[in-house]
Amino acid sequence: MIADLEAMQAALAEAHLAAEAGEAPIGAVVVRDGAIVARGQNRVLRDLDPTAHAEIVALRAAVAAVGNYRLPGCTLYATLEPCAMCAGAMIHARLDRLVFAAADPKAGAAGSVLAVLNHPQLNHQMMVEQGILAAEAAELLRSFFRERR
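Please read these numbers as outputs of a predicted model, since none were measured by experiment.

Draft legend 1. Structural context of the overall build of the protein. The secondary structure content of the protein amounts to five helices and five strands. In the protein, the succession of helices and strands from N to C terminus is α-β-β-α-α-β-α-β-β-α. Taken over the C-alpha trace, the protein has a radius of gyration of 14 Å; the compact-globule value for 149 residues is 15 Å, and the two agree within 12%. Over its C-alpha atoms, taken along the principal directions, the protein stretches across nearly 40 × 30 × 30 Å.

In structure tokens:
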């Protein structure tokens, strides 16, 4: 059984790989039955795809691995609070749980800017937790963008 910390460390490793490829350093993994079933990292520039956020990449890999577009019993770990697009995809996938590291005060849709997840009018609710490795994830983002300015 993979622990939350270990899963977030795997997501952070994906974020580092994204940074090495010149992408915004955001990573994600999907865990089911105590094991990582999918990994994702930002691929927006490499794929020329505005939807290729780490969470979407991980969700696409997870549904392929599981063989179902729904992901009950799964937890997605992300290094940054998801945006509205990613939050919507998580709802449609019927994830049980989201764990994210750093809050996103510019585009976060899990409460920082918008509250897409667990909106009372939506038909799916999931557990949301934050803060695991938040300092490391935030520093990776800060240093990445500092170098590009």
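Draft legend 2. Expanded view of the sheet that holds strand E2 (residues 35–41). Strand order in the open sheet made by the five strands is E2-E1-E3-E4-E5, with mixed pairing throughout. Two strands close off the open sheet at either side, each with one partner strand: E2 and strand E5 (127–130). Averaged over all neighbouring strand pairs, the angle between strand axes comes to 15°, with direction disregarded. Examined bridge by bridge, strand E3 (residues 74–80) and strand E4 (residues 97–102) share five bridges and lie parallel to one another. Opposite Ala-78, over in E4, you have Phe-100 as the bridge partner. Contacts between helix H3 (residues 54–66) and the sheet are confined to strand E1 (27–32), E2 and E3, with E2 contributing the most and set at about 140° to the helix.

Draft legend 3. Spotlight on helix H1 (residues 4–20). The first and last C-alpha atoms of H1 sit 25 Å apart over 17 residues, in line with the 24 Å expected at 1.5 Å per residue. Among all positions in H1, only Ala-7, Met-8, Ala-10, Ala-11, Leu-12, Glu-14, Ala-15, Ala-18 and Ala-19 are buried. Against the buried residues of H1 lie E1, E2, helix H2 (44–47), E3, E4 and helix H5 (134–148). Downstream of H1 by one or two residues, Gly-22 has phi in the positive range, about 85°.

Draft legend 4. Main features of the pattern of salt bridges. One pass over the full model with this rule turns up nine salt bridges. Among the ionic pairs, Glu-14 bridges to Arg-39, the shortest N-O distance being 4.0 Å. In this pair, Glu-14 sits in helix H1 while Arg-39 sits in strand E2, placing the two residues 25 residues apart along the sequence. Between Glu-139 and Arg-142 there is a salt bridge, and its shortest N-O distance comes to 3.3 Å. Separated by three residues within a single helix, Glu-139 and Arg-142 lie in helix H5, roughly one turn from each other. Note on Arg-142: relative accessible area 45%, which makes it partly exposed.

Thresholds applied
- Every residue gets a number counted from 1 within its own chain, in the order that chain's sequence is written.
- For a predicted model such as this one, the threshold for reporting local features is a pLDDT of at least 70, and the threshold for listing and counting side-chain atom pairs is 80 or more; totals across whole chains, interfaces and linings nevertheless cover every residue.
- Remark: hydrogens and water are excluded; side-chain values derive from all non-hydrogen atoms of the structure.
- Comment: elements are numbered from the N terminus, with helices defined as DSSP H or I runs of at least four residues and strands as E runs of at least two.
- Based on C-alpha atoms, the radius of gyration is set beside the globule rule, defined as 2.2 Å times the residue count to the power 0.38.
- Strand pairing is defined by DSSP finding a minimum of two bridges between the two strands.
- Fitted lines through C-alpha atoms give the axes, limited to the stretch in contact for helices. The angle between two N-to-C directions lies from 0 to 180 degrees.
- Contact criterion: two residues are considered in contact whenever any of their non-hydrogen atoms come within 4.5 Å of each other.
- What a helix should span is 1.5 Å times the count of its residues minus one.
- Accessibility here uses a 1.4 Å probe with only protein chains present; expressed as a share of the type maximum, an area under 20% marks a residue as buried, one over 50% as exposed, and anything in between as partly exposed.
- The working definition used for a salt bridge is a side-chain nitrogen of Lys or Arg within 4 Å of a carboxyl oxygen of Asp or Glu.

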